[in-house]
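The primary structure of each chain is shown beneath.
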Amino acid sequence: MRLLSVTFSILLLVACSSQPTWDGMSESEIASWKEIGVNVEQVQTYVRAGMSQPQVKEFIDQNFTDPNQITAWAQAFTAVDARGWIDSGFDLSSATAWAAKKFTHQEASAWKSADFDLDGAVDNRNKGLTPVK
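Quick look at the structure, then. In this numbering scheme, every chain counts its residues from 1 along its sequence in written order. Confidence filtering applies because this is a predicted model: local features only for residues at pLDDT of at least 70, side-chain atom pairs given and counted only at 80 or more, and all residues used for totals across whole chains, interfaces and linings. Side-chain measures here rest on the full set of heavy atoms in the structure, leaving out hydrogens and waters.

Side note on the overall build of the protein
Stated precisely, the cut-off is as follows: Helix and strand definitions here come from DSSP, where helices need a minimum of 4 consecutive H or I residues and strands a minimum of 2 consecutive E residues; each element is numbered from the N-terminal end. Burial classification: accessible surface area is computed with a 1.4 Å probe over protein chains only, and a residue below 20% of its type maximum counts as buried, one above 50% as exposed, and the rest as partly exposed. It only takes one pair of heavy atoms within 4.5 Å for two residues to be counted as in contact. What sets the accessible areas is the Shrake-Rupley method with a 1.4 Å probe; for residues, cover comes only from the shown protein chains.
The secondary structure content of the protein amounts to 9 helices and 0 strands. The buried share of the protein, reckoned over its 133 residues, is 30%. Within the protein, counting contacts between residues at least 6 apart in sequence, those at least 24 apart form 7% of the total. For the protein, the computed accessible surface area is about 8,700 Å², with 54% contributed by carbon and sulfur atoms.

Laid out in structure tokens, this is it:
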């Protein structure tokens, strides 16, 4: 029985020590994260990704809710631009590809609506053409 009690205590200690904490943050930092509805686990995701509370708040203000989606899109776009790409029907991979060729989400959407892929849009834009529906 004593062995079982010791084993349980060790497992409990290990489990508790692996839980995310607010350690290293001031009360005002903690309050600012909580103010935007972010819990300690989410904060750890954002901090590991190098994101600040104001940056995360911008994404939340653009109706992003998934921390993994926020951190992924934040690597390439501002919150407003990310929302524009998503609302225009692009996933992160395609948005990044179009943006790398200097298209805005509005331009990319217009070319896609006119049945152009990225290469076709680049070729035609280089000729001075614009998409026609």
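As for the side chain of glutamine 53
Going by this rule: Throughout this description, a polar contact denotes any pair of N or O atoms lying within 3.5 Å of each other; where both atoms belong to protein, one of them has to be capable of donating a hydrogen while the other can accept it, and for residues adjacent in sequence the pair is counted only when both atoms sit in side chains.
With respect to the helices, strands and loops of the structure, glutamine 53 is situated in helix α4 (residues 53-61). A distance of 3.0 Å separates the side chain of glutamine 53 from the backbone oxygen of serine 32, its partner in a polar contact. Glutamine 53 has contacts with Ser32, Trp33 and Ile36, leaving out every residue within four places of it along the chain.

Some thoughts on helix α7 (residues 92-100)
The distance from a side-chain oxygen at the start of α7 to the backbone nitrogen of serine 93 is 3.3 Å, and the residue carrying that oxygen is aspartate 91. Two residues or fewer after α7 comes lysine 102, characterised by a positive phi angle close to 70°.

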